[in-house]
Protein chains: 2
Amino acid sequence: MSKIICVGLGPGDPELMSVRADRLIRNASIIAFFRKAGRKGQARQIVEGMLSPDVTEIPMEYPVTTEIPVKDQGYNDLLAQFYKEKAALLLEQCQRQEQDIIVLCEGDPFFYGSFMHLYIRLKEQVDIEVVPGITGMSGCWTATGIPMTWGEDILTVLMGTLPEERLTVEMQNTDAFVVMKTGRNLPKIKQALRESNRFSDAWIVSYGTMAKEEIMPLSSYAKDTAPYFTIILVHGRGRRPQ
Amino acid sequence: MSKIICVGLGPGDPELMSVRADRLIRNASIIAFFRKAGRKGQARQIVEGMLSPDVTEIPMEYPVTTEIPVKDQGYNDLLAQFYKEKAALLLEQCQRQEQDIIVLCEGDPFFYGSFMHLYIRLKEQVDIEVVPGITGMSGCWTATGIPMTWGEDILTVLMGTLPEERLTVEMQNTDAFVVMKTGRNLPKIKQALRESNRFSDAWIVSYGTMAKEEIMPLSSYAKDTAPYFTIILVHGRGRRPQ
């Protein structure tokens, strides 16, 4: 029985994946990856040009992404069924194959990664190794050219799907912060930034470290939506010897 | 005039540095790195065996680490002088040399890294590139074998040097969290964990991803101090389809 190795791909630039991830991907016989139906898939795109010509590819297409609110029971049911099916598929592959299955995952797999849903369903049944990756947020704050956290700064990682009131309180009470899952939540995030008096220090980074990278102070960003790979961040200003 | 490239080394396992960092280090003519006086230096140890035989090494030895409380004016003055001198040294090297200077930095340079103190002193005078790395905390939570953050979990990164009251409040109000800079702050951190009712879910990871790695529930850890490379963490339990 073979095993599953989930490799963190890092923020997007293929040069930013780890030496171990790079080697595992170049030598892979079987790769699996999540993608939105009808798309090539971000994870798959990052490894373009690295794969063996005879690699077997297992795309795992989400039955739904943003079409149904995540809090709906329908969303839960569709996703639960999806993860159950894909877990069974990977397990069956492990039982049939000699070669390990390499699962591609953007960023760092255990940091809000979809693979975690397969991991908890499979970890008692098959050997699973996880290779950490550079998070998207590290790629983004490095791209701004401004250090993110100093001394005793508290860093808070927030999801843009949280209620505006919660976002506002968190932004008020922390030093440095990152908001992920922006997209259509951008107007709400902007409002929370204004209410917490952090708006003028906020940066928006889309496609950090990728060819399409865009970075600017949020005050210069006119649109009310942002691509999926967008992070809002405010840098810390903690203690430094001077 | 040459430039400075600061490379994030990741959590400690050399296989977890990025492809870009690996290549820059193997091809380096000049490397610089911080270390505690009298030690080999953690960053230098990570790259052992990777360096060209004729590399020039510039160790930058902290004048003080934990001997003086960080909030003392004396600590500030010593460190400010140290960073000023090392910034001048690297600038002079850049002006004299053709080859880029590779500065080694554990983890991710812009995430609480010492290099930031040189960066802000030099960024107007010399070209500086920063290569992000896998953070120590990503290495540590991956090593626990338990996913760190799910769905809308809020992640908070705390320094063990913060006052106990602040630590307690932050631990109470967040979902997942990490405490860095543990060492002699461990009794205080444990107390805050107990007061916030998070103690029984806490893990301690020392030397995550390195040969000396030790991982256990904090309740099984008897000592009152921990090595410098120790992180306390509590995993999130956010939304997941089921």
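The rules we used
Residues numbered from 1 in each chain as written. Chains lettered and ligands numbered in written order. Predicted model: local features only at pLDDT ≥ 70, side-chain atom pairs only at ≥ 80, totals over all residues. Heavy atoms only, no water. Helix = DSSP H or I, 4+ residues; strand = E, 2+ residues; numbered from the N terminus. Rg over C-alpha atoms; globule rule 2.2 N^0.38 Å. Buried < 20%, exposed > 50% of the residue type's maximum accessible area, 1.4 Å probe, protein only. Contact = heavy atoms within 4.5 Å. Domains from an automatic or database assignment. Buried area = accessible area lost by both parts, 1.4 Å probe. Salt bridge = Lys/Arg side-chain N within 4 Å of Asp/Glu carboxyl O. Polar contact = N/O pair within 3.5 Å; in protein donor to acceptor, adjacent residues only side chain to side chain. Nonpolar A, V, L, I, M, F, W, Y, C, P; charged D, E, K, R; others polar. Pairing = 2+ DSSP bridges.

Undergrad: Which parts of the structure should I look at to understand the overall build of chain A?
TA: Broken down by element type, chain A carries seven helices and 10 strands. For chain A, the C-alpha radius of gyration of 19 Å lies close to 18 Å, the compact-globule estimate for 242 residues. Dimensions of chain A along its principal axes, counting C-alpha atoms only, are 55 × 45 × 30 Å. Scored against the burial criterion, the 242 residues of chain A give a buried share of 57%. A separation of at least 24 residues holds for 69% of the contacts in chain A among residues at least 6 apart in sequence.

Undergrad: How should the environment of B:Thr149 be read in this particular structure?
TA: Here B:Thr149 is to be found in the loop between helix 5 (136-144) and strand 6 (155-159). Taking the relative accessible area as the measure of exposure, B:Thr149 reaches 0% and is therefore buried. Along the sequence, B:Thr149 and B:His235 sit 86 residues apart, while their C-alpha atoms lie 6.6 Å from each other. In this structure, B:Thr149 is in contact with A:Phe110, A:Phe111, A:Tyr112, A:Met116, B:Leu155 and B:Ala176, ignoring residues within four places of it in sequence.

Undergrad: Would you mind going over the domain arrangement of chain A with me for this structure?
TA: How big an interface is tends to be stated in terms of accessible area lost as the parts join. Residue and element names in this part refer to chain A. Each assigned domain of chain A is listed with its residue range as follows: domain 1 (4-134) and domain 2 (137-234). Counting residues at the interface gives 11 residues for domain 1, matched by 12 residues for domain 2. Of the roughly 890 Å² buried at the junction of domain 1 and domain 2 (both faces included), carbon and sulfur atoms supply 66%. Viewed at the interface, domain 2 and domain 1 are joined by zero salt bridges. Between domain 1 and domain 2 we count one residue pair in polar contact (both at pLDDT 80 or more) in total. Here the residues of the side of domain 1 that touches domain 2 sort into five nonpolar, three polar and three charged.

Undergrad: Hey, could you run me through the pairing of strand 10 (residues 230-234) of chain B in this one?
TA: In regular strands, side chains alternate between the two faces of the sheet. Residues and elements named next belong to chain B. Taken across its five residues, strand 10 has five buried, putting it largely inside the fold. Burial along strand 10 is two-sided: the residues Thr230, Ile232 and Val234 and Ile231 and Leu233 are all buried. Alignment of strand 7 (residues 176-180) against strand 10, held across three bridges, turns out to be antiparallel. Within the sheet, the bridge partner assigned to Val178 lies in strand 10 and is Leu233. The pairing of strand 8 (residues 202-206) with strand 10 spans five bridges and is antiparallel.

Undergrad: Help me understand the interface of chain A and chain B, please; the structure alone is not making it clear to me.
TA: Counting residues at the interface gives 59 residues for chain A and 59 residues for chain B. Carbon and sulfur atoms make up 60% of the area that chain A and chain B hide from each other, which totals about 5,100 Å². The interface formed by chain A and chain B contains four salt bridges. A salt bridge links A:Glu15 to B:Arg20, with the nearest nitrogen and oxygen atoms 2.9 Å apart. Mapped onto the side of chain A that touches chain B, the elements with two or more residues apiece are helix 1 (19-26), helix 3 (73-96), helix 4 (115-122), strand 5 (128-131), helix 5 (136-144), strand 6 (155-159) and helix 6 (164-173) of chain A. For the side of chain A that touches chain B, the per-class residue count stands at 30 nonpolar, 15 polar and 14 charged. As judged from the three bridges shared by strand 6 of chain A and strand 6 of chain B, these two strands associate in the antiparallel manner. What sits directly across from A:Thr156, in strand 6 of chain B, is B:Thr156.

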